[in-house]
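Residue-level structure breakdown
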Amino acid sequence: MTEQFPPNERSDSAAHLSDHELAMLADPRLAEEEGAAAPPTEDRLTEAQRHLALCAPCREALAATERALNALRDPVNLLEPPAGLWDRIAAEIAETPAAPGPTGASVHQLRPRPTPSRRWVPLAAAAAGVLIGGAAVAGVLGQGSEEEAPAEPPVAAPTVLGDAALEPVAAEDISGQAEMVETEDGLLEITVEVSEAPDPEAGYFEVWLRNEDGSRLQSLGAVTGTESTTFQVPEGLDLSEYPVVDVSHEHFDGDPGHSGTTLAAGPMEPADS
Amino acid sequence: MLTTSSWLLNLRTERSRTVSAPSVKPFPDRGGALDPQPLAMRFAAGEPAAMQDLYRQHGAFVFSLCMAALRHRQDAEDATQAVFTRAWRSHDTYDITQPTGAWLTGITRRVIADTFARRERDLQAARAGVEEQVREDAPQPTDAVVDRVVVQQSLDALGPPQDEILRLAYAEDLPLKIIAERLGMPLGTVKSHVHRGLARMRKSLEVHSD
Ligand SMILES: [Zn+2]
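Residues numbered from 1 in each chain as written. Chains lettered and ligands numbered in written order. Predicted model: local features only at pLDDT ≥ 70, side-chain atom pairs only at ≥ 80, totals over all residues. Heavy atoms only, no water.

Here we look at the coordination of the zinc ion
Residue and element names in this part refer to chain A. With distances of 2.0 to 2.3 Å, the protein atoms coordinating the zinc ion are H16 (ND1), H51 (NE2), C55 (SG) and C58 (SG). For the zinc ion, the 4 donor atoms are set out with angles of 101 to 128° between them, so the coordination reads as tetrahedral. Read in sequence order, the donor residues for the zinc ion give the motif H-x34-H-x3-C-x2-C. Here H16, found in the segment before α1 (19-26), pairs with C55, found in the loop between α2 (41-54) and α3 (56-73); they are 39 residues apart in sequence, far enough to count as distant. H16 sits in the partly exposed class, given a relative accessible area of 25%. The buried category is assigned to C55, whose relative accessible area is 8%. (Donors = N, O, S within 2.8 Å, 3.2 Å for Na, K, Ca; no water. Tetrahedral: all angles 85-135°; square planar, octahedral: opposite > 155°, others 65-115°. Helix = DSSP H or I, 4+ residues; strand = E, 2+ residues; numbered from the N terminus. Buried < 20%, exposed > 50% of the residue type's maximum accessible area, 1.4 Å probe, protein only.)

This is how it looks when you write it as structure tokens:
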């Protein structure tokens, strides 16, 4: 049986129900005839019920699973809107100017400096060669058992977890690099360096973590020069939801949101092990 | 290699219950193109061209939602038009941390509610001075309609064989064993697909339920 399921978390009664358990609770057919290798299903479900009684988020997740089942049992046809509908919408929109958003015009006030090909020097070069494997990370996070964790180096050095090449997006040809490290305190930090600095009169650069389509955004802070800037990643941020490093051009307009003008961006890649 | 790509997935997920699906990848595949100017940002910035992209991306979803809820083609077209013009007019209230699809779902709910309210008023006006009629079949609550359309969209996005397995298991209500025989798959594999598919459906509902 090579199917990868989320691990059975029930051994730790504080852990939330896994997707696997939620599905088995919502559809008992999934709980029948579990493989012989799996722990007795009855016990797991009893444990799961006990957890449910105490945990509102898991009750909500179970309710959502049941809603999904109900929806699946009652399928609906997805329909393309009629061909002319967009034209009608476009015509109505044309008569309805939206509130003016920021324009891209001021981006051109940036003064690019002709030194874009500076070499990125990893700050945590000392940690180069540190093997990042599942066991090592589990050790860092305190998830693995003590016996499994490899011996820690005597001096705890920041561990390079990943890096990102920030490719130019806007016409200004601004690029950069970002590197994520885990400090000896277990905090995640991202160090960012961009090839050009903003003209202070034209605003500032802001570094974000986001998902691919920009529907999730987390601001890390502002970059003011070409020297590298280090930001702390907010604790608890789920990095799988924010895989992209984004540098935007912001104005001093009091609007804390992303301006919509990305200068450079790139996906964070795990460090080579 | 699994260890280096899955470690980040596990890194900060203990407090976040939404990420345990094996289908969620910590980083995009190399093949996945990075959207240079994300639609959500262009829309928030009020870029007119973003509006058409938004319609291309979500037009069928919004229209299907309106059709399923209103069960009347002309009303559904009018409602869809209202949703997108409302979205355009109020783009500055769009919270960029929210997926555009979920935001449009919220607007669509309100437009549907407005349409029902208008129908009710028309009905009251028509009824004035007339005997109480038998109420026509009550519409399904909008929440359930939203669930069905969101799940359908998410199901269509799953791709084979997961979409087919979920259809057979729930729309057709076939025993999992029969599905396994029919598709020539081990029962465990069928169950695994159902598990993953259900997790995806649940998450899409969670996103659209705010
Ligand atoms: Zn829980």
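A look at the packing of aromatic side chains
Tallying each qualifying case throughout the model produces 5 aromatic pairs over all chains. Among the aromatic side chains, those forming a connected cluster through ring pairs are A:W86, B:Y55 and B:F84. Residue placement shows A:R29 over the ring face of B:Y170; its charged tip is 5.4 Å from the ring centre. (Phe/Tyr/Trp six-rings, centres within 6.5 Å; stacked < 30°, edge-to-face > 60°. Lys NZ or Arg CZ within 6 Å of the ring centre and 35° of its normal.)

Considering the pairing of strand β7 (residues 244-250) of chain A
Residues and elements named next belong to chain A. Counting buried residues along β7, 7 of its 7 residues qualify, which places the element largely inside the surrounding structure. When strand β4 (residues 204-210) meets β7, the two strands line up antiparallel, connected through 7 bridges. Looking across to β7, one finds that R210 is bridged to V244. Judged from the 5 bridges that link them, β7 and strand β8 (residues 262-267) form a sheet pairing that is antiparallel. Bridging from a neighbouring strand, V245 pairs with G266 of β8. (Pairing = 2+ DSSP bridges.)

Structural notes on the environment of B:T108
All names here are of chain B. The topology assignment puts T108 in helix α5 (residues 100-127). Along the backbone, T108 and A87 are 21 residues apart, and their C-alpha atoms lie at a distance of 9.6 Å. What T108 contacts, discounting residues up to four positions off in sequence, is V62, L65, C66 and V83. (Contact = heavy atoms within 4.5 Å.)

Digging into the confidence of the model for chain B
All names here are of chain B. Averaged over every residue, the pLDDT of chain B is 81; residues scoring 70 or more account for 77%. Within chain B, helix α1 (residues 2-11) has the poorest average pLDDT of any element, 34, and helix α7 (residues 162-171) the best, 97. Long-range and interchain partners of residues 1-33, a stretch whose pLDDT sits below 50, account for 75 contacts in this model, where long-range means more than four residues apart. Scoring of the predicted complex yields 0.57 for pTM and 0.77 for ipTM. (pLDDT = per-residue confidence, 0-100.)

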